[in-house]
Amino acid sequence: MDRRNFLKNSGLASTALFVPQFLSRFNNSGFNQNGKNLVIIQWSGGNDGLNTLVPFHNDLYYKNRPSLAIPKNKVLKLTDELGFNPMLAGMKDLYEEGLLTIINNVGYPNPIRSHFRSMDIWHTASDSNQYWQTGWLGRYLDQTKADYSPHKALEIDDALVLALKGKHKSGFAASNPAKLKKAANNNFLQKVAHHHNHDHEENVAYLYKTLIETQSSADYLFNQAKNSTRKGSYPSTSIGKDLATIANLIVKDTNTKIYYINMGGFDTHASQKNRQERLLKQYNDAIKIFVKDLQKNQKLDDTLIMTFSEFGRRVKQNASQGTDHGTANNVYFMGGKLKNPGIFNEAPNLSNLDEGDLIYSVDFRRIYASVLKNWLGVDPENVLLSTFEPLGII
Amino acid sequence: MPTLRKKISHLYWRAGFGISLEMLDQKSSLPLKETISKLLTDAKNPDLLTLQLPIYEQLAKGGKAMMKNADLRKKLQEENRGVNSFWIRNMATSKNPLLERMTLFWHGHFAMISRNNSNVSKNYINTLRTHALGNFGELVLAIARDPGMIKFLNNQQNKKGHPNENFARELLELFTMGIGHYSEQDIKEAARAFTGWRTNKNGVFTFSEKRHDYDRKTFLGQEGDFNGEDIIRIILEKKQTAKFIATKVYQYFVNQKINQEHVQELAYEFYNSNYSIEKLMRTIFESNWFYAEENIGTKIKSPIDLLVGMMKTLQLDLGSQKSFLFIQKMLGQILLNPPNVAGWAGGPSWIDNATLVFRLNLAGYLFKTQSVNVYAKPAFEDKARKKIKQKLSATMDLSPIINHFKNTDEAVIYASLSDWLIQTKLNIKKSEMDLFTKNDVTSDYVASLVLRLMTLPEYQVC
């Protein structure tokens, strides 16, 4: 049954009666996002930073990794000390064009080597002995007032990551707006949504509100995402498809400010070389096209791309041609407005280790503070609930 | 005033996972007090999970060398997932609903993560079951000695001279008193008292004298040669502990919004009964306020509440461990895998756009009127981003409900089914629902209406 029939059947003539007030905000496009986009790519499983950005001038690297080290002559050299894994040729180009910043030795005190806990810590921005229930970007959304809508932060997935969950507001998960629209906006649920009224119990009212917002956001994103011309030009990998979706939305000035994607498979305890390089190649091939696409469409200056992983890996390789869970790692930023493109700080120190692991020198929350303050324009302390000095990266 | 039927439904939703129509009819002819007593008496006689763990047995016999076998470890993980689905099935089929409910509550309270070892998981669940309605002090002590918890909170590494404070900290902060009622120094002293509390390789609690710190300790203002038992005893002497637990119980079983008067009454009685959990629960279920309108249908069902409730109502079973896991993942609550030691926050935090849409479509997936078109996030260990189309293998038996309404007028069916399945006020009218039930693939009105009612936001609360 379509909407008109329903209205007729239910004897209600005017749709105005149904549209709750909270919807009018983004339906009327009174949305101000300052044009700035943040794209976060999460490498799940703990990417091996030392074989991504290789300290090819360091004998300890080769000593610790007799069969896993990248030979000096294969490294794509960026400086006298550091160079990329051979799969990252596109990233090297971005580096040379001043579109990439790499931060070394990022971590936090008392590091945890469990994927789950460490990712939790990255998502919530807590200390390693704190258990927080909200994510840092979720708390950023909590701070936003008039310009909030659920799809302001969009994860390209069917389930929502903790980083995007706030106390009062959360981001939005949709791997495919058309699919979500079908699931959330079928005839029955559309009709059900019209039963939202003011005498619902509080929790029921909250469920209705979430349903109606979801329907509205799914519709909006569906319209924004349709007729994409990018399918052929991006790789057909997961990351390629996800970035094509995001590029399409960004170029169409979608009211989404934060995009989040997850790339898994980095837990390389065994046979690391092929597995990691396959993933790095997928990332490289997709990100290069993505950055160039945004540049061509004059969106790169308004976009900041961040890539992180929950931890790096042990300096010494293990007995299975792999590496085990470690601590500090690199974080990558790309965009047209980087303050200090290039390699931001010192290379990892392989002679001073903590139980075989790198010792962090940059707390990841200083990076978040930079993003919050210098990109999203909010006071980091309100989100991080503690003072962290921003880095001069953005 | 809620009807007796509504009160019984409410009681069974909060003290269990809903009630069958047949049982509801039966209980409606008894005094409510009798129904409450039966629930409590049954739960005082806990049955333990009995599933066999052949892989664990094989590994235990083989010793350390066997544990190095990656293949066997993987099988052990699989067996552990079997404990998860066995437990959920048990919740749905048990004749002891309050025991199941209390066990789940304590799992959220004494949250422990066990992803790899079926034996650890099973023993931990049975620790909770044994004391679920017993004495809170004994429960805390059993948890302090539970091998799973010992490993999870690093008490294995807690020894004289090198105390590990993890367990002591959570014992005070999350398990008993709540933050702000002790000092950092109290944590340090408590940690010393629990030195040497370990688990052996067979997953059995042991006390290591040579690791234990026998020196004097000062804890919460008292001084002595305290061991772990003493620490728990002193914690229980503090009224704050009774208040902290009573508050949490109230928020879980009654209402997230605290009524100070009721909580104070509960805390007072809990303390004076020397922490009898049974008495605490009896006080709640026998109080008038538990059945007040403001407390009925005001709790957002947890994913497990929702799933087990549907399993009971529909006589539903999911054919595979994978299906159980998939639903838990998509809804955001995996048993034996809480986000961390603080457990699940509950309430509105269960809900985001993705979990809500999955919840509203779940009945359709199970009735197979809709195909599942979403994917769970891959595990960290997965080799790549997996995109395996999920099929839910589900079987159900609606005949008891259909037979119940044989030759019944549709209007009566509508009123009766919605009253049974929906705990909050329902605004949608039969005439509106007819537009859908008349066109549903399933030709049976009762089946169609059950499906539609379970698709409503109102079904998400109890």
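Draft legend 1. Looking closely at the confidence of the model for chain B. For chain B, per-residue confidence averages 94 on the pLDDT scale, and residues scoring 70 or more make up 98% of the total. The ipTM assigned to the predicted complex is 0.94, against a pTM of 0.92.

Draft legend 2. Local environment of the packing of aromatic side chains. Taken as a whole and judged by the stated rule, the model has 34 aromatic pairs over all chains. Seen from their ring centres, W43(A) and Y283(A) are 4.8 Å apart, and the 75 degrees between their planes marks the pair as edge-to-face. Taken together, the residues span a long stretch of sequence, with W43(A) in strand β1 (residues 37-43) and Y283(A) in helix α11 (residues 272-296) at a distance of 240 residues. Summarising the burial analysis for this pair, W43(A) and Y283(A) share the class buried. With a centroid separation of 5.8 Å and an interplanar angle of 35 degrees, the aromatic rings of W106(B) and F136(B) are classed as tilted.

Draft legend 3. The domain arrangement of chain B, seen in detail. Residue and element names in this part refer to chain B. When the domains of chain B are assigned, the result is domain 1 (4-45 + 239-295), domain 2 (303-391) and domain 3 (399-460). In this structure, domain 2 and domain 3 have C-alpha centres spaced 24 Å apart. On the side of domain 3, 14 residues touch domain 2, which itself brings twelve residues to the contact. Of the roughly 1000 Å² buried between domain 2 and domain 3, counting both surfaces, carbon and sulfur atoms make up 74%. Sorting the residues of domain 2 by area buried against domain 3 places T313, L360 and F367 first, and these three jointly supply 47% of that buried surface. Connecting domain 2 to domain 3 are zero salt bridges. At the junction of domain 2 and domain 3, the tally comes to one residue pair in polar contact (both at pLDDT 80 or more). Elements supplying a minimum of two residues to the side of domain 2 that touches domain 3: α17 (303-314) and α19 (353-366). It is α17 that provides the largest number of residues to the side of domain 2 that touches domain 3, a total of five residues.

Draft legend 4. Region of interest: the nonpolar core. Counting 157 residues, the largest nonpolar core has W106(B), F110(B), F136(B), F175(B), M281(B), F285(B) and L417(B) as the members making the most contacts within it. Non-local contacts of L417(B), meaning those with residues more than four positions away in its chain, are made with I401(B), F405(B), V446(B), L449(B), V450(B) and L453(B). Counting 51 residues, the second-largest nonpolar core is a separate cluster that includes V39(A), A174(A), A218(A) and L243(A).

Draft legend 5. Region of the structure containing the packing of helix α4 (residues 54-62) of chain B against helix α6 (residues 70-93) of chain B. Residues and elements named next belong to chain B. Two elements in contact, α4 and α6, have axes whose closest approach is 8 Å; the angle formed by their N-to-C orientations is 140 degrees. With respect to α6, the element α4 is oriented oblique. Every pair of crossing elements has a handedness; the one defined by α4 and α6 is left-handed. Of α6, the residues touching α4 (which contributes P54, I55, Y56, Q58 and L59) are L72, K75, L76 and E79. Taken together, the residues that form the contact of α4 with α6 break down as six nonpolar, one polar and two charged.

Calculation criteria
Residues numbered from 1 in each chain as written. Chains lettered and ligands numbered in written order. Predicted model: local features only at pLDDT ≥ 70, side-chain atom pairs only at ≥ 80, totals over all residues. Heavy atoms only, no water. pLDDT = per-residue confidence, 0-100. Phe/Tyr/Trp six-rings, centres within 6.5 Å; stacked < 30°, edge-to-face > 60°. Helix = DSSP H or I, 4+ residues; strand = E, 2+ residues; numbered from the N terminus. Buried < 20%, exposed > 50% of the residue type's maximum accessible area, 1.4 Å probe, protein only. Domains from an automatic or database assignment. Contact = heavy atoms within 4.5 Å. Buried area = accessible area lost by both parts, 1.4 Å probe. Salt bridge = Lys/Arg side-chain N within 4 Å of Asp/Glu carboxyl O. Polar contact = N/O pair within 3.5 Å; in protein donor to acceptor, adjacent residues only side chain to side chain. Core = buried A, V, L, I, M, F, W, Y, C linked by side-chain atoms within 4.5 Å. Axes fitted to C-alpha atoms, helices over the stretch in contact; angles between N-to-C directions. Parallel < 35°, antiparallel > 145°, perpendicular 65-115°, else oblique. Left-handed = near helix turned anticlockwise from the far one by under 90°. Nonpolar A, V, L, I, M, F, W, Y, C, P; charged D, E, K, R; others polar.

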